[in-house]
Amino acid sequence: MTDSLARHDDYDGPPFDESTVAGDPIAQLRRWLADAEAAELPDPNAMVLGTVDSDGAPSSRTVLLKGLDGPDGPALEFVTNGLSRKGRALALEPRVSLVFPWYALRRQVIVDGVAHPAPAELSDAYWATRPRGSQIGGWASRQSQPAADRAELERAVAEAERRFGDVDDVPRPPHWGAWFVVPRSVEFWQGRPSRLHDRLVFERDLPDVEAAPTGEWRLLRRQP
Ligand SMILES: Cc1cc2nc3c(=O)[nH]c(=O)nc-3n(C[C@H](O)[C@H](O)[C@H](O)COP(=O)(O)O)c2cc1C
Ligand SMILES: Cc1ncc(COP(=O)(O)O)c(CN)c1O
């Protein structure tokens, strides 16, 4: 057995520099997402969402990127249950961190920004695209709450199926929807030999969490 804990794998990624990076971070993110898709990574759109709970404790979990066009400009869209641990955290502290873990490409992208709940009509539009089974699941699961056993969940699924059995279009639960993360900084990390990685960071000002971002993107390089 190879012991991954004792290895020092070198990252042989190509140079990633100021001459080839896109003019704005969303354009660059689209390029690297396309690379992750072309490389057939599993769940290329998976990202780890870090939030802060009401007591200041951080928590993280994976969510799927669902779009890059927000109602007020470029933003990273994900969907979830607003009564979940992350949903409750976001209601009190909308500042979040996102990480795309594209290890097979020796890449990661880190986005810091502010999460805004989507207008109801956009959450409705997304909900309508979900398979019926996921819609039933969305009603059945009290996401993040304790469950005595699997059977408790199965009973809730059966109950939701009875409730919506005669309905063609299962309505969206009021607590379920989309969020848009408006980025304040986006770091593109390319693994390079001898741990001398390339880190290019786009930053702009976000005066306060309610305000729209101001100013042009600034591009800077960080030490590896
Ligand atoms: C690849 C992957 C994608 C996931 N995508 C989502 C998602 O888009 N939305 C979601 O609510 N949970 C998603 N989950 C489940 C979450 O990671 C998490 O378990 C769930 O949302 C509950 O998180 P919380 O208790 O911290 O709120 C995903 C998990 C994995 C492994
Ligand atoms: C609980 C949960 N909610 C939402 C999503 C993402 O939305 P959708 O099911 O519409 O792809 C996922 C994807 N893994 C999920 O696990």
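Scroll up to find the structure this text is about.
Residues numbered from 1 in each chain as written. Chains lettered and ligands numbered in written order. Predicted model: local features only at pLDDT ≥ 70, side-chain atom pairs only at ≥ 80, totals over all residues. Heavy atoms only, no water.

A. Quick peek at the overall build of the protein chain. In terms of helices and strands, the protein chain carries five helices and nine strands. Each helix (α) and strand (β) of the protein chain, taken in turn from the N terminus, gives the series α-β-β-β-β-α-β-β-α-α-α-β-β-β. Sorting the 224 residues of the protein chain into buried and exposed places 40% on the buried side. Once local pairs closer than 6 in sequence are excluded, the contacts in the protein chain between residues at least 24 apart make up 62%. (Helix = DSSP H or I, 4+ residues; strand = E, 2+ residues; numbered from the N terminus. Buried < 20%, exposed > 50% of the residue type's maximum accessible area, 1.4 Å probe, protein only. Contact = heavy atoms within 4.5 Å.)

B. Main features of the site of ligand 2. Around ligand 2 sit Leu64, Lys66, Val79, Tyr126, Arg130 and Gln143, and that is every residue in its neighbourhood. Here Lys66 contributes a side-chain N or O atom positioned 2.7 Å from an oxygen atom of ligand 2. A distance of 2.4 Å separates an oxygen atom of ligand 2 from a polar side-chain atom of Tyr126. Of the residues belonging to the shell around ligand 2, the class tally is three nonpolar, one polar and two charged. (Near = heavy atom within 4 Å. Polar contact = N/O pair within 3.5 Å; in protein donor to acceptor, adjacent residues only side chain to side chain. Nonpolar A, V, L, I, M, F, W, Y, C, P; charged D, E, K, R; others polar.)

C. Quick look at the nonpolar core. Ranked by internal contacts, the top residues of the largest apolar core, which has 29 residues, are Leu76, Phe100, Trp102 and Val109. Breaking this core down by element, the ones donating at least two residues are helix H1 (25–38), strand S1 (46–52), strand S4 (73–81), strand S5 (95–102), strand S6 (107–117), strand S7 (176–190) and strand S8 (198–205). Excluding its chain neighbours within four sequence positions, the residues that come into contact with Trp102 are Leu29, Trp32, Leu33, Ala36, Leu41, Pro44, Arg107 and Val109. (Core = buried A, V, L, I, M, F, W, Y, C linked by side-chain atoms within 4.5 Å.)

D. Region of the structure containing the packing of aromatic side chains. In this structure the tally under the stated criterion is 11 aromatic pairs. Ring plane angle 50° and centroid distance 4.8 Å describe the contact between Phe16 and Trp32, whose orientation is recorded as tilted. Residue Phe16 is located in the segment before H1, and its partner Trp32 is located in helix H1; the two are separated by 16 residues in the primary sequence. For the pair formed by Phe16 and Trp32, the shared burial category is buried. With centroids separated by 5.0 Å and ring planes inclined at 65°, the aromatic side chains of Trp127 and Trp176 adopt a geometry described as edge-to-face. You can see Trp127 sitting in helix H3 (residues 120–129) and its partner Trp176 sitting in strand S7, a full 49 residues away along the chain. (Phe/Tyr/Trp six-rings, centres within 6.5 Å; stacked < 30°, edge-to-face > 60°.)

E. Spatial organisation of the site of ligand 1. Asp43, Arg61, Thr62, Val63, Leu64, Val79, Thr80, Ser84, Arg85, Lys86, Gln143 and Ser144 make up every residue found near ligand 1. In the environment of ligand 1, an oxygen atom lies 2.7 Å from a nitrogen or oxygen atom belonging to the side chain of Arg61. In the complex, the protein chains occlude 64% of the 620 Å² of accessible area that ligand 1 would expose alone. If you list the elements that add at least two residues to the shell around ligand 1, you get strand S2 (58–64), S4 and helix H2 (85–92). Counting residues per element, the shell around ligand 1 draws most heavily on S2, at four residues. Broken down by class, the residue content of the shell around ligand 1 amounts to three nonpolar, five polar and four charged. (Areas by Shrake-Rupley, 256 points an atom, 1.4 Å probe, with all protein chains shown as cover.)

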